[in-house]
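# Architecture and fold: a report
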Amino acid sequence: MTTATHGSGAVPSMPDRTPKALRAAIAQHAPQLLVDFDRHWRRDIADAYDLAPVPAFMARWWGEFALARDPQLEAKVHGLEDEASREPDYARAKSLIEEAGRIRRTAAKAEPGH
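### A few points about the pattern of salt bridges
Going through the model one piece at a time under the given rule, you end up with eight salt bridges. Note that Asp38 is salt-bridged to Arg23, the shortest N-O span being 2.8 Å. With Asp38 in helix H2 (residues 34-46) and Arg23 in helix H1 (residues 19-29), this residue pair connects regions lying 15 residues apart in the sequence. In this structure Arg23 comes out as partly exposed when scored by relative accessible area, which is 34%. In this structure, a network of salt bridges that share partners links the residues Glu64, Glu81 and Arg104.

Now the structure itself:
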């Protein structure tokens, strides 16, 4: 991963695809997500005897970090979502939410090191 901070303009690389590496990346580059990440981990994974929920957990937080590591992209998505929440025209609001969803899905496809 890069050592860039949000203020430097460089987007940090995606970490190895493990919970430990993802948590470290969140702590370093998107600390605003850390409380929710840890809470979700403790609630759904930490004391589980069944590891079945781990892939869903990783998919969710992989996508969250992929978006949060790029403040401009994150602002764009949140702007689209905010605009949709105020949009009185259903078709336009739906279009805005679909665009935000496409961006989120594309960001979540980032591979380790990218």
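### Comments concerning the side chain of His40
Mapped onto the elements of the fold, His40 is located in helix H2. Exposure remark for His40: the relative accessible area of 11% places this residue in the buried category. Every residue in contact with His40, bar those within four places of it in the chain, is listed here: Ile45, Phe57, Arg60 and Trp61.

Cut-offs used in this document
- Residues numbered from 1 in each chain as written.
- Predicted model: local features only at pLDDT ≥ 70, side-chain atom pairs only at ≥ 80, totals over all residues.
- Heavy atoms only, no water.
- Salt bridge = Lys/Arg side-chain N within 4 Å of Asp/Glu carboxyl O.
- Helix = DSSP H or I, 4+ residues; strand = E, 2+ residues; numbered from the N terminus.
- Buried < 20%, exposed > 50% of the residue type's maximum accessible area, 1.4 Å probe, protein only.
- Contact = heavy atoms within 4.5 Å.

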